[in-house]
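Notes for the structure review
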Amino acid sequence: QWERMFGRLQAFQERKGHANVPKAHVEDGEQLGSWLQKQRTRYKARGLSEAERKRRRASAMSDEEVKRLEALGVAWDALAEQWERMFGLLQAFQERAGHANVPYGHVEDGEQLGVWLGTQRTRYKARGLSEAE
């Protein structure tokens, strides 16, 4: 089954240009997004002790599987990768515009940069700090 799903992931990557499949994505009737999420969990299990893996009923991913998935460009922490991508777009905007006050509806390179920045501001304020602090 791993090989079959890996083949589906390869097809997705060739078609979309990346291998970070949304969790709910179905490819040829198979739940590819869920499968990839399980692979990320297995990757994280590599850092656990044998006893902890048994307790969690988690199997660790082999070095070969890691290499193959990384060769396709799989991000082990998809949220962190997305944040870095958006921050890079913000930096490009700032260099071009001379400021980082992105309008809420602004789209940069196909991404909703203004919405993302608004979310970052909300998260910052939720920490209980003002911008002056």
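Structural notes, computed from the coordinates. Note on numbering: residues in each chain are counted from 1, in written sequence order. Predicted model: local features are reported for residues with pLDDT of at least 70 only, side-chain atom pairs are reported and counted for 80 or more only, and whole-chain, interface and lining totals are derived from all residues. Heavy atoms from the whole structure form the basis of all side-chain values; hydrogens and water molecules are not counted.

**What to know about unusual backbone geometry**
One non-glycine residue, Asp28, lies in positive phi territory at about 50 degrees. Residue Asp109 is not a glycine yet carries a positive backbone phi of 55 degrees. By relative accessible area, Asp109 is classed as exposed at 58%. Burial classification: accessible surface area is computed with a 1.4 Å probe over protein chains only, and a residue below 20% of its type maximum counts as buried, one above 50% as exposed, and the rest as partly exposed.

**Concerning the pattern of salt bridges**
By convention in these notes, a salt bridge is any Lys or Arg side-chain nitrogen within 4 Å of a carboxyl oxygen on Asp or Glu. Scanning the model with the defined rule gives 12 salt bridges in all. Between Glu52 and Arg56 there is a salt bridge whose closest N-O contact spans 2.8 Å. Of this pair, Glu52 and Arg56 both sit in helix α3 (residues 50–56), 4 residues apart, which is roughly one turn of the helix. Taken together, the shared-partner salt bridges in this structure form one network comprising Arg4, Arg8 and Glu30. Strands here are runs of E lasting at least two residues and helices are runs of H or I lasting at least four, both read from the DSSP assignment and numbered beginning at the N terminus.

**A word on the environment of Ala51**
Relative to the helices and strands, Ala51 resides in helix α3. On the basis of relative accessible area, Ala51 is assigned to the exposed category, the value being 56%. As a C-alpha pair, Ala51 and Gly110 span 59 residues in sequence and 45 Å in three-dimensional space.

**Notes on the nonpolar core**
Counting 16 residues, the largest nonpolar core has Leu9, Leu32, Trp35, Leu69 and Val74 as the members making the most contacts within it. Sorting elements by how many residues they give to this core places helix α1 (residues 2–16) first, with 5 residues. Two residues form a contact once any of their heavy atoms are found within 4.5 Å. Setting aside residues no more than four positions away along its own chain, Leu69 makes contact with Trp2, Phe6, Leu9, Trp35, Gln39, Met61, Val74 and Trp76. Core analysis: the second largest hydrophobic core is formed by 8 residues, Leu89, Leu90, Val102 and Leu113 among them. We call a set of buried residues a nonpolar core when its members are Ala, Val, Leu, Ile, Met, Phe, Trp, Tyr or Cys and they connect through side-chain atoms within 4.5 Å of each other.

**A closer look at the packing of α1 against helix α2 (residues 32–45)**
Lines fitted to C-alpha atoms define the axes, with helix axes restricted to the stretch in contact, and inter-axis angles between N-to-C directions lie between 0 and 180 degrees. In the contact formed by α1 and α2, the axes pass within 10 Å of each other and the chain directions differ by 110 degrees. It follows that α1 is roughly perpendicular to α2 by the angle criterion. For the crossing formed where α1 meets α2, the hand is left-handed. On the side of α1, the interface is formed by Trp2, Met5, Phe6, Arg8, Leu9 and Phe12, while α2 contributes Leu32, Trp35, Leu36, Gln39 and Arg42. Three residue categories are used. Nonpolar comprises Ala, Val, Leu, Ile, Met, Phe, Trp, Tyr, Cys and Pro, charged comprises Asp, Glu, Lys and Arg, and polar comprises the others, including Gly. When its residues are assigned to classes, the contact of α1 with α2 shows 8 nonpolar, 1 polar and 2 charged. For this classification, under 35 degrees means roughly parallel, over 145 means roughly antiparallel, 65 to 115 means roughly perpendicular, and everything else is oblique. Note on convention: near helix rotated counterclockwise from far helix by under a right angle means a left-handed crossing. Clockwise means right-handed.

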